[in-house]
Amino acid sequence: MRKVLFLVMAIALLSVAAFGVVGSAAWFSDDATVPISATGATLDIRAEVGPPGGPMTWYDPTGVTLEVEDLAPGALSDKTMISVQNKPAVDSSLAVKYRYTSSKTSSTPGFWAALNVQVEYGACVSNDLGSVAGLIYDGPLSGLAFTNADNTYHGGSALPVNYTHCYRFAFYLDETAGNDLQGGSARFDIVVDATQPENPGW
């Protein structure tokens, strides 16, 4: 029994001695700190709307309703600029990708279904298209859908801060529209959605 007790005491003393050697060792050390403040980015677009070459109204997010009158089958309406601007850096700090769609508010029977739209795109010059790159959409207004990726003039690139991509819209009734649509009407929105380019959602 004494031998066992002596052995236990010897192990305990060795443990204390070993801990004391390690615990009392001196180590050189240093550190550095990097103060960081993180802030969120801002993303803010607006639509610029008006007749080609005329004064533009900024729709942010809504504005005065545009009146498109006297539509007839196959006859283009007066053209209207509905462009998208990524606001200056005071409001927006991210490039954006965007898409155009339409949304019906109301319609007399058959009128919405017969509404078509033609959309041109190209260089922005004095609130108009200085040079038309081509048609980006021509078909039923209910199916309107295009994105910056479809804009070959800008190489399908995202819209940088404080830049505008210009589009010119003309509306018309489908060539097959009948007399029953005379005096008809519809109210709708042209919707411009924007998100950061990394968003895989669309």
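Note: the structure precedes this text.
Because the structure is predicted, anything quoted here is derived from the model rather than measured. (Residues numbered from 1 in each chain as written. Predicted model: local features only at pLDDT ≥ 70, side-chain atom pairs only at ≥ 80, totals over all residues. Heavy atoms only, no water.)

### Quick word on the overall build of the protein
Working step 1: Tallying secondary structure elements over the protein gives 2 helices and 9 strands in all.
Working step 2: Mapped in sequence order, the helices and strands of the protein form the string α-β-β-β-β-α-β-β-β-β-β.
Working step 3: A total accessible area of about 12,700 Å² is found for the protein, and carbon and sulfur atoms account for 57% of it. (Helix = DSSP H or I, 4+ residues; strand = E, 2+ residues; numbered from the N terminus. Areas by Shrake-Rupley, 256 points an atom, 1.4 Å probe, with all protein chains shown as cover.)

### Side note on the packing of aromatic side chains
Here the distance between the centres and the angle between the planes together describe a pair of aromatic rings.
Working step 1: Considering all chains together, one arrives at 9 aromatic pairs under this definition.
Working step 2: When the centroid spacing of 4.6 Å and the interplanar angle of 15° are considered together, the rings of Tyr100 and Phe146 count as stacked. One end of the pair, Tyr100, is in strand β4 (residues 97–107); the other, Phe146, is in strand β7 (residues 145–147), and 46 residues separate them in sequence.
Working step 3: Using a relative accessible area of 0% as the deciding quantity, one classes Tyr100 as buried.
Working step 4: Feature note: the residues Tyr98, Tyr100, Trp112, Phe146, Tyr167, Phe169, Phe171 and Phe188 constitute an aromatic cluster, connected by ring pairs.
Working step 5: Its guanidinium or amino end placed over the ring of Trp58, Arg46 lies 3.5 Å from that ring's centre, counting from NZ or CZ. (Phe/Tyr/Trp six-rings, centres within 6.5 Å; stacked < 30°, edge-to-face > 60°. Buried < 20%, exposed > 50% of the residue type's maximum accessible area, 1.4 Å probe, protein only. Lys NZ or Arg CZ within 6 Å of the ring centre and 35° of its normal.)

### Here's the deal with the sheet that holds strand β8 (residues 163–173)
Within a sheet, each strand pairs with its neighbour through backbone hydrogen bonds, oriented either parallel or antiparallel.
Working step 1: Strand order in the open sheet formed by 6 strands is β2-β1-β3-β8-β5-β6, with antiparallel pairing between adjacent strands. In this open sheet, the two edge strands, each paired with only one partner strand, are β2 (57–59) and β6 (128–140). Within the sheet, the average angular offset between the axes of one strand and its neighbour, ignoring direction, is 25°.
Working step 2: Where strand β5 (residues 115–125) meets β8, 8 bridges bridge the pair, whose relative direction is antiparallel. For Asn116, the partnering residue across the bridge sits in β8 and is Tyr172. (Pairing = 2+ DSSP bridges. Axes fitted to C-alpha atoms, helices over the stretch in contact; angles between N-to-C directions.)

### As for the pattern of salt bridges
Working step 1: Taken as a whole, this structure holds 5 salt bridges when the rule is applied.
Working step 2: Note that Asp193 is salt-bridged to Arg99, the shortest N-O span being 3.4 Å. One end of the pair, Asp193, is in strand β9 (residues 186–195); the other, Arg99, is in strand β4, and 94 residues separate them in sequence.
Working step 3: By relative accessible area, which is 28% here, Asp193 ends up partly exposed.
Working step 4: Residue Arg99 is classed as partly exposed on the basis of its relative accessible area, which comes to 29%.
Working step 5: Linking Glu120 and Arg168 is a salt bridge whose minimum nitrogen-to-oxygen distance equals 3.0 Å. Placement of Glu120 in strand β5 and of Arg168 in strand β8 is noted, with a sequence separation of 48 residues between them.
Working step 6: Residue class for Arg168 comes out buried when judged on its relative accessible area of 12%.
Working step 7: Through salt bridges with shared partners, one network takes in Lys79, Glu120, Asp128 and Arg168. (Salt bridge = Lys/Arg side-chain N within 4 Å of Asp/Glu carboxyl O.)

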